[in-house]
Amino acid sequence: PSSLQGAIATASSRDRVSLYAESGFWYDALAETIAGDASGDLQMTLLTDLANLEAVEAGPAADSEDSEAAPSDGHSGRLREVIEQLQ
């Protein structure tokens, strides 16, 4: 959206992260944290929020303990692996 583009053009790196995340552009928010000067805590928060969102969108079977890397696990499971590696 053009209003988001305008806001991003004048925002600081940290504010761009928030703008992207609030607009649902999670991967752009993560990319901005990696490229920008955002803290590691902010990166972990965004990764955790994104993993939780992906799990909700995938449905209850996505994070089931009984499923072995089922296709529905998708992004949520991979994001949780990244989070574990970063901690």
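Please refer to the structure placed before this passage.
All of the points below concern the structure found in this document. Here the structure is a predicted model, which is why all the values come from computation and not from measurement. (Residues numbered from 1 in each chain as written. Predicted model: local features only at pLDDT ≥ 70, side-chain atom pairs only at ≥ 80, totals over all residues. Heavy atoms only, no water.)

Among all positions of helix α3 (residues 26–35), only W26, A29, L30, E32 and T33 are buried. Taken end-on, α3 shows its buried residues confined to a sector of 160 degrees, consistent with a single buried face. Seen from the open side of α3, the exposed residues pointing more than 90 degrees away from its buried face are I34 and A35. In the core, the buried residues of α3 are packed alongside α2 (13–22) and α4 (40–58). (Buried < 20%, exposed > 50% of the residue type's maximum accessible area, 1.4 Å probe, protein only. Helix = DSSP H or I, 4+ residues; strand = E, 2+ residues; numbered from the N terminus. Arc of directions from axis to C-beta. Contact = heavy atoms within 4.5 Å.)

With that out of the way, let us pick up the pattern of salt bridges. Tallying each qualifying case throughout the model produces one salt bridge. Taking the shortest distance from any N to any O, the salt bridge between R16 and E32 comes out at 3.0 Å. In this pair, R16 is assigned in helix α2 and E32 in helix α3, connecting sequence segments 16 residues apart. For E32, a relative accessible area of 14% corresponds to the buried category. (Salt bridge = Lys/Arg side-chain N within 4 Å of Asp/Glu carboxyl O.)

Bringing the packing of α3 against α4 into the picture now. Direction vectors running N to C along α3 and α4 enclose 160 degrees, while the axes themselves pass 10 Å from each other. Our classification of the angle between α3 and α4 gives roughly antiparallel. Judged by the sense of rotation from one axis to the other, the crossing of α3 with α4 is left-handed. Of α4, the residues touching α3 (which contributes W26, Y27, A29, L30, T33 and I34) are L42, Q43, L46, L47, D49, L50, L53 and E54. Class assignment of the residues belonging to the contact of α3 with α4 gives a composition of ten nonpolar, two polar and two charged. (Axes fitted to C-alpha atoms, helices over the stretch in contact; angles between N-to-C directions. Parallel < 35°, antiparallel > 145°, perpendicular 65-115°, else oblique. Left-handed = near helix turned anticlockwise from the far one by under 90°. Nonpolar A, V, L, I, M, F, W, Y, C, P; charged D, E, K, R; others polar.)

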